[in-house]
Amino acid sequence: MDFINNEYKTSKMKKNILQILIVALLLNSGTVLAGLLPSVNAEKVILITDRSIYITGEQIRFSATVINSYDKDNAAQSQVLYCELITPDGTKIAGDKFLINKASASGCMDIPGSLLTGTYYLRAYTKVMRNNGPESYGYRQIRILNPGRTEILADGNSHDVRETGILKAETGKRKDMLYVEVDKNNYSARETVSLTIRPLNATVSAIKSLCLSVVPENAGSSAIQLQRSKLKAVDKTEYYPETRGLSLSGKLTEASSSVSLSGKKVNLSIIGQGRDFMSVRTDSVGRFFFALPDYYGNRDLFVCTEKTDQMNVKIWVDNDFCTAPVRLPSPEFTLTEQEKQNAYQMAVNEQISSKFYTDTLPEQRIAREDEYAFYGKPSAIIYLDKYVQLPTLEEYFNELPSQVKVRTRKGEKYFVVIGSRGLSFYEPLVMVDWVAVDEPSKILAVSPQNIARLEIVNEDYIKGGQTYGGIISIISKKGDFAGIDLPSTGIFINYRFLPEQKCNDEIFQDNPLLPVSKNTVFWKPDINIQNGNVEKFDFTAPETPGTYSVVLEGVTKNGEIFSTTSTFEVGNRK
């Protein structure tokens, strides 16, 4: 650290960039040194949604642009975006993680059908932005209506906005950069609408991201910005950019004194589908970091430490979503007469859509039993039921012509894997249902009747910077760890990876036999306009008569929001 400060004391920006690169390299190797990350947040998220008014049961479509103030090309360091639907007092309603590609991420979020009518917020941030607190996140204020309930979410008149920060609306300053037009002003239901986006001048190169939304009139959204809170930050954890995708971090301490433990091995196992394992050592302040695969849905993780003699340890795992308190303005919920009419028709459309489309959602992929674990195809598999039943597991290893033997050293049992080059200098990785267990006595005490098979890798294996003298993977018949007592320091975590669901627009294609009752008629994030090209899009006019807005909203490379709008009318079907 002294070397970095001395070498780049004349340029703080260069020093911070170098620090970020070092952190990225260390994250790749599974090790991070404390104090390397700059305290100043380099990232900013600008959030765009398809609408500002929703009905419970619908989906919120969004696009997020990540700006990096340290990079002239604004290339994001982080590769994961956290997006949440929250109440004005910061209560989380729903949340998901999305991969960032070329400094942008897009997706959708389901609105629970039980929500009260009221004002809510969609917010987005990267993990490294949590160092600066919720005031640095990207926000959109939205209104949600529940036609089936008369209650309204309590307003926030008691909030002292002078202490908690004030939201400022950014409607998107009109810039003479793009022009959006439709081929005519009036359409019949189900008629094809042709839409054109035309660049107006050479400044189109300044555009970083662009989104197109076609929604009922007065249903468009506007960005908001939260000023720095005067309250002191509660979360003192230091977060690092997720440069490789999803991650899990935490801290290892001595249980009674809470003293940080450095240089200790921490193991993580992904239970069930995926069957992955990784191991890292804690850094100088007891922190550990795991780079996780891009899996989907919820998975059970088991985190434990290596065997520690005469020491009780405790594992602290960071919450993957922000838990820092925040209070946002909650204005009295009101609708204009035009908005009331729109909301009524939107509620009718949502009811129709839910009746026709509920049963057409794709089924989740079922894990196959023959999927290999992280180590691929093992060099040998022993199915215990194929042999004469032996009383102990040790006899299966020593009596059968296997590549694993049990030896005794100083009165304690241990495993050795015999490879093509003989014995390895390293200890083997021994797992039960993909959970590492470094106490051979516990494994050998398991009844062979509970074991389905033994998978063996008889080569040195490197995983997460750790080298093992082969792998011994014991798979139980019932997936219950064969009744073994797992390491007492371990904890189970139900971790949410990437969302499995898709936006409805990606699932439901136009069908002449189904009604066109979408409240977001057309949504296109991540539009790429280069070299002054003209972009054209076609979509089907809705069956609901009325005025519709074509909203083109984008972000410049400097982080400025701009927008342009046009309208068209839809009448009854001819």
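Treat the numbers as computed from the prediction; the structure is a model and nothing was measured.

What counts and what doesn't
Residues numbered from 1 in each chain as written. Predicted model: local features only at pLDDT ≥ 70, side-chain atom pairs only at ≥ 80, totals over all residues. Heavy atoms only, no water. Buried < 20%, exposed > 50% of the residue type's maximum accessible area, 1.4 Å probe, protein only. Helix = DSSP H or I, 4+ residues; strand = E, 2+ residues; numbered from the N terminus. Pairing = 2+ DSSP bridges. Polar contact = N/O pair within 3.5 Å; in protein donor to acceptor, adjacent residues only side chain to side chain. Contact = heavy atoms within 4.5 Å. Salt bridge = Lys/Arg side-chain N within 4 Å of Asp/Glu carboxyl O. Phe/Tyr/Trp six-rings, centres within 6.5 Å; stacked < 30°, edge-to-face > 60°. Lys NZ or Arg CZ within 6 Å of the ring centre and 35° of its normal.

Trainee: I keep staring at unusual backbone geometry and nothing clicks. Help me out?
Mentor: Positive phi, normally seen in glycine, also occurs at Asn 218, with a value near 70°. Assessed through its relative accessible area of 41%, Asn 218 is described here as partly exposed. Of note in this structure, Trp 434 is not a glycine but carries a positive phi near 70°. Relative to the elements of secondary structure, Trp 434 occurs in the loop between strand E25 (429-432) and strand E26 (435-436). Take Trp 434: its relative accessible area is 8%, and that puts it in the buried class.

Trainee: What am I meant to see in the pairing of strand E8 (residues 138-145) here?
Mentor: Side chains on a regular strand alternate between the two faces of the sheet. For E8, the tally of buried residues reaches seven of eight residues, placing the bulk of the element in the interior. The sheet contact formed by strand E7 (residues 118-125) and E8 spans seven bridges and is antiparallel. When the sheet's bridge partners are listed, Tyr 120 is paired in E8 with Ile 142.

Trainee: Honestly, the side chain of Thr 87 in this entry has me stumped. Any pointers?
Mentor: With respect to the helices, strands and loops of the structure, Thr 87 is situated in the loop between strand E4 (80-86) and strand E5 (92-99). The class of Thr 87 is buried, set by a relative accessible area of 8%. A polar contact is formed between the side chain of Thr 87 and the side chain of Asp 89, at a distance of 2.3 Å. Setting aside residues no more than four positions away along its own chain, Thr 87 makes contact with Ile 93, Tyr 120 and Leu 153.

Trainee: Where do I start with the pattern of salt bridges in this structure?
Mentor: Proximity of charged atoms lets side chains of opposite charge pair with each other. Enumeration over the complete set of coordinates arrives at 22 salt bridges. Here Lys 127 ties to Glu 242 by a salt bridge, and the two come within 3.5 Å at their closest N and O atoms. Remark: Glu 242 occurs in the loop between strand E14 (223-226) and strand E15 (247-254) and Lys 127 occurs in the loop between E7 and E8; sequence separation between them is 115 residues. For the pair shown, Lys 127 and Glu 242 are each scored as buried. For Glu 151, the salt bridge identified is with Arg 149, shortest N-O distance 3.3 Å. Among the charged side chains, a network of salt bridges with common partners joins Asp 50, Arg 51, Glu 58 and Arg 61.

Trainee: What exactly am I supposed to notice about the packing of aromatic side chains here?
Mentor: How two aromatic rings sit relative to each other is set out by the distance from centre to centre and by the angle between their planes. Counted by the stated rule, this structure contains 21 aromatic pairs. Ring geometry for Phe 397 versus Phe 415: centroids 5.5 Å apart, planes at 75°, classification edge-to-face. Residue Phe 397 is found in helix H5 (residues 393-399), and its partner Phe 415 is found in strand E23 (residues 412-419); the two are separated by 18 residues along the sequence. Classification of Phe 397 by relative accessible area gives buried; the value is 0%. Summarising the aromatic geometry, the rings of Tyr 548 and Phe 568 are spaced 5.8 Å apart at their centres and angled 20° between planes, so their arrangement reads as stacked. Taken as a pair, Tyr 548 in strand E34 (residues 546-556) and Phe 568 in strand E35 (residues 561-570) lie far apart in primary sequence, 20 residues in all. Connected via pairs of aromatic rings, a cluster forms that spans Tyr 187, Phe 522, Phe 537, Phe 539, Tyr 548 and Phe 568. In this structure, Lys 92 is placed above the aromatic ring of Phe 321, and the distance from its NZ or CZ to the ring centre is 3.5 Å. Its end group placed over the ring of Tyr 414, Arg 409 keeps NZ or CZ at 4.1 Å from the ring centre.

Trainee: Could you clarify how one ought to interpret the side chain of Ser 78 in this entry?
Mentor: Checked against the element boundaries, Ser 78 lands in the loop between strand E3 (59-68) and E4. Within the local environment of Ser 78, its side chain forms a polar contact with the side chain of Glu 43, the two groups lying 2.9 Å apart. Every residue in contact with Ser 78, bar those within four places of it in the chain, is listed here: Glu 43, Ile 100, Thr 126, Val 128, Pro 241 and Glu 242.

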